[in-house]
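Listed below are the residues making up each chain.
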Amino acid sequence: MPPPLSHRLLSGAVVGAVLLSALPQRSFVGWSGAVATAMWAPLWPITSLLAIVRDRVRAPDEPHPGLPGALRQSLEDRDRVQGELDAARLRVRQLEAELGEIAAYRPAHDAGWRPLAATVVARSAGRPPGLFAIDAGSDQGVQPGDPVVVGGNRLLGIVAAGGAGDRSLVVPLDDRRAGRIDAIAQPSAPAGAPIPAGVFVQLVPAGNGRLVGELESEATVRPGDPVLLSDAAWKPSAQGMRVGVVERVGKLDANPLRTRIDVRMETEPARVGRVIVKVAAGQGARP
Amino acid sequence: MRWWIFAPAMALALSLDMTVMQVLSINGCAPRLWPTLLAFVAMYASRASALGAALVTGLWLDAAHPALAATGVVPVAVPVFGPHALSCLAGAWAILELRVILYRRNTFTVALAAGTCAAASAVAFVAVAGLRAAYADPAPMWGAGSGAAAIGADLLSALYTALVALLPARWLHASLGAWDFATAGPRFAPGARVGRDP
């Protein structure tokens, strides 16, 4: 006797799932995003409401907790200006190096951006927390590669391609799918002393809010020093933003001539409720 | 099993997992509700319905968990269908095999089954993602860290899920009659003998 139709359907579905699991990612480009959006579309309203409930129950990890609103705003403004200053310093150094060479033409620096506030409405379900969704998308001018910050200058992640008109997916810096990050460890200097040159370091995301990198042993990096993004692959508005602070400095067991540094992000991506997307100034909201 | 009850219930569970359940996270380890619901279904529904429910749950999770292709400067989010579907099948299958030796009408049993379902699906997911990482994905789908670390984190989450499942398990048991399960009718009520002539 042939098996019931439901069993046949089930067997076919299982085989289909196995085949889909074996396909490379490029096979999903172009259709799986639309299917996923359609599958989750009925859940967005309730997910957005529940996100509000979540933020009420457990307050998001604010950059300056316990301070009055006006003072917190002032501190955020200060950090934002500090971020711009860090970015300008990096740019000046880069220009000085280029002036010494004048080897090739580089397009004009365009760091024009505008802040766009967004709410975290969903995080990846079922797996260790990784990327998260915000309620701003291409309709509001958000583009893939836009940096996402909190507290004025604390870099949190990057907007991934594949979002929807009113939703975007953000990859946190500590997720290794965000890729390697070129950064500058800025050694601290006493007040009044000239600011020492930064130390280049390539960071690898290590998860749980941490990134690790290697540098030359004679570099004078100490725990507590800020680490600033200086990666040509990122948009200009992300340059100079704080990746985190140096948490630990130690010798590499495999190579004592080199130093390993652990960098800890200053904001926990899993506990952020509101973020700022640095949208390119020319990208207006779509009517 | 009444699918029109299962679908909204699982949708609500997944929505809660993505939002409110993060409130309970401890050091990045958050409990989840979908294993509880799937384990509950797998304990009472027919084999085909339980596996079908696992497939639906897995596909929904796949839709909510994009893999990231690191081919360009900007990561590209591409939902990959299949890995979670297979992992949920593994979780449901584990409960289907265990349910004959479980005393099902007990809240603790459902909580234990939820933890088992979550753990089995976690191991299966990392196995599938590990296989994919060998040839298809530029970075493993589980995110940062090694596969062993991912399994360890997921097993802790499964334990946490089992603890938290005690409360929803009570509610699910209270609603048992509404689900119209194949193995939860009057014939399976306490005191009734299976196969006895009426």
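For the structure, see preceding data.
Now for a look at the structure at hand.

Conventions and cut-offs
Residues numbered from 1 in each chain as written. Chains lettered and ligands numbered in written order. Predicted model: local features only at pLDDT ≥ 70, side-chain atom pairs only at ≥ 80, totals over all residues. Heavy atoms only, no water. Helix = DSSP H or I, 4+ residues; strand = E, 2+ residues; numbered from the N terminus. Buried < 20%, exposed > 50% of the residue type's maximum accessible area, 1.4 Å probe, protein only. Areas by Shrake-Rupley, 256 points an atom, 1.4 Å probe, with all protein chains shown as cover. Pairing = 2+ DSSP bridges. 1 Å grid on protein atoms, 1.4 Å probe; cavity = no way out; pocket = protein on both sides within 12 Å on 5 of 7 lines; lining within 4 Å. Points joined across faces, edges and corners; volume = space filled by probe spheres on them. Nonpolar A, V, L, I, M, F, W, Y, C, P; charged D, E, K, R; others polar. Contact = heavy atoms within 4.5 Å. Expected span 1.5 Å × (residues − 1). Arc of directions from axis to C-beta. Salt bridge = Lys/Arg side-chain N within 4 Å of Asp/Glu carboxyl O. Core = buried A, V, L, I, M, F, W, Y, C linked by side-chain atoms within 4.5 Å. Disulfide = S-S within 2.5 Å. Axes fitted to C-alpha atoms, helices over the stretch in contact; angles between N-to-C directions. Parallel < 35°, antiparallel > 145°, perpendicular 65-115°, else oblique. Left-handed = near helix turned anticlockwise from the far one by under 90°. Polar contact = N/O pair within 3.5 Å; in protein donor to acceptor, adjacent residues only side chain to side chain.

**Things to note about the overall build of chain A**
The helix and strand inventory of chain A stands at 4 helices and 12 strands. Out of the 287 residues in chain A, the part that is buried amounts to 43%. Total accessible area on chain A is roughly 14200 Å²; 60% of this is exposed by carbon and sulfur atoms.

**Quick word on the pairing of strand β12 (residues 274-280) of chain A**
All names here are of chain A. Note: strand β1 (residues 113-123) against β12, 7 bridges, orientation antiparallel. Within β12, the residue paired with Trp113 across the bridge is Ala280. Where strand β3 (residues 147-150) meets β12, 2 bridges bridge the pair, whose relative direction is antiparallel. Paired with Val148 across the strands is Val277, a residue of β12.

**A few points about empty space enclosed by the protein**
Residues and elements named next belong to chain A. Here the structure, examined in full by the defined rule, presents 3 cavities of 30 Å³ or more. In this structure, the largest cavity is lined by 13 residues; those nearest its centre are Arg54, Arg58, Arg123, Ala270 and Arg271. Its residues assigned to classes, the lining of the largest cavity comprises 5 nonpolar, 3 polar and 5 charged.

**Some words on the side chain of Gln22(B)**
Here Gln22(B) lies in the loop between α1 (3-18) and α2 (34-44). Given a relative accessible area of 13%, Gln22(B) falls into the buried group.

**Describing the environment of Gly69(A)**
Here Gly69(A) lies in helix α4 (residues 69-101). Sequence separation between Gly69(A) and Leu257(A) is 188 residues; the distance between their C-alpha atoms is 48 Å.

**What to know about unusual backbone geometry**
Unusually for a residue other than glycine, Asp180(B) sits at a positive phi of about 55°. Tracing the chain through its elements places Asp180(B) in the segment after α8 (176-179).

**Some remarks on the environment of Val23(B)**
By secondary structure assignment, the location of Val23(B) is in the loop between α1 and α2. When its relative accessible area of 18% is taken as the criterion, Val23(B) is described as buried. Remark: the alpha-carbon pair of Val23(B) and Phe40(B), spanning 17 residues in sequence, is separated by 24 Å. When residues no more than four places from it in sequence are discounted, the contact partners of Val23(B) are Arg54(A), Val57(A) and Arg58(A).

**A word on helix α3 (residues 44-57) of chain A**
Every α-helical turn comprises 3.6 residues, leaving residues that sit three or four positions apart pointing alike. Taking 1.5 Å of rise per residue, the 14 residues of α3(A) would be expected to cover 20 Å, and the 20 Å separating its terminal C-alpha atoms lies within 8% of that figure. Within α3(A), the full set of buried residues consists of Trp44(A), Thr47(A), Leu50(A), Ala51(A) and Arg54(A). The arc that holds every buried residue of α3(A), seen down its axis, measures 120°, which confines them to one face. For α3(A), the exposed residues set more than 90 degrees away from the buried face come down to Pro45(A), Leu49(A) and Arg56(A). On the buried face of α3(A), the contacting elements are α2 (32-40), β1 and β2 (132-134) of chain A together with α1 of chain B.

**Section: the pattern of salt bridges**
All names here are of chain A. With the rule as written, the count across this model stands at 11 salt bridges over all chains. Residue Arg242 is joined to Glu266 by a salt bridge in which the shortest nitrogen-to-oxygen separation is 2.9 Å. With a gap of 24 residues between them, Arg242 in strand β10 (residues 242-251) and Glu266 in the loop between β11 (258-264) and β12 connect regions that are remote in the sequence. The partner of Arg260 in a salt bridge is Asp262, and the shortest N-O contact between them spans 3.0 Å. Given a relative accessible area of 1%, Asp262 falls into the buried group. The network of salt bridges with common partners includes Arg210, Arg248, Arg260 and Asp262.

**Quick notes on the nonpolar core**
Judged by nonpolar contacts, the single largest core of 115 residues is most densely connected at Trp40(A), Val275(A), Val277(A), Met10(B), Leu38(B), Trp179(B) and Phe181(B). Broken down by element, the residue count for this core peaks at 10 residues, all from helix α3 (residues 47-64) of chain B. Residues contacting Phe181(B), with those up to four places away along its chain left out, are Met1(B), Phe40(B), Val41(B), Tyr44(B), Ala45(B) and Leu176(B).

**Examining the state of the cysteines**
Note on terminology: a disulfide is the covalent bond linking the sulfur atoms of two cysteines. Residues and elements named next belong to chain B. In total, this model carries 0 disulfides over all chains according to the counting rule given. Between Cys29, a free cysteine, and Cys117, which holds the nearest cysteine sulfur, the sulfur-to-sulfur gap is 16 Å. Looking at Cys88, it has no disulfide partner, and the nearest cysteine sulfur is the one in Cys117, 6.8 Å off.

**Considering α2(A)**
Of the residues making up α2(A), those classed as buried are Ser32(A), Ala36(A) and Trp40(A). Buried positions in α2(A), seen along its axis, are confined to an arc of 60° and lie on one side of it. Summarising the geometry of α2(A), the exposed residues directed more than 90 degrees from the buried face are Ala34(A) and Ala38(A). Where the residues of α2(A) are buried, they touch α3 of chain A together with α1, α3 and β2 (76-79) of chain B.

**Here's the deal with the side chain of Ser25(B)**
By the secondary structure assignment, Ser25(B) is in the loop between α1 and α2. A relative accessible area of 16% means that Ser25(B) is categorised as buried. Discounting chain neighbours no more than four positions away, the residues touching Ser25(B) are Arg58(A) and Ala30(B).

**Concerning the packing of α2(B) against α3(B)**
Relative placement of two packed helices is described by the angle separating their axes and the distance separating the axes. Residues and elements named next belong to chain B. Running from N to C, α2 and α3 point in directions that differ by 165°, and their axes come no closer than 9 Å. Classified by the angle their axes make, α2 and α3 are roughly antiparallel. Crossing of α2 against α3: the hand is right-handed. Of the residues in α3, those in contact with Trp34, Leu38, Val41 and Ala42 of α2 are Ala50, Ala53, Ala54, Thr57 and Leu61. Grouping the constituent residues of the contact of α2 with α3 by class yields 8 nonpolar, 1 polar and no charged.

**What about the interface of chain A and chain B?**
The interface is formed by 58 residues belonging to chain A together with 64 residues belonging to chain B. At the junction of chain A with chain B, the criterion picks out 7 residue pairs in polar contact (both at pLDDT 80 or more). Taken together, the elements giving at least two residues each to the side of chain A that touches chain B come down to α1 (5-22), α2, α3, β1, β4 (154-160), β5 (168-172) and β7 (199-207) of chain A. Broken down by element, the side of chain A that touches chain B gets its largest block of residues, 9 residues, from α1(A).

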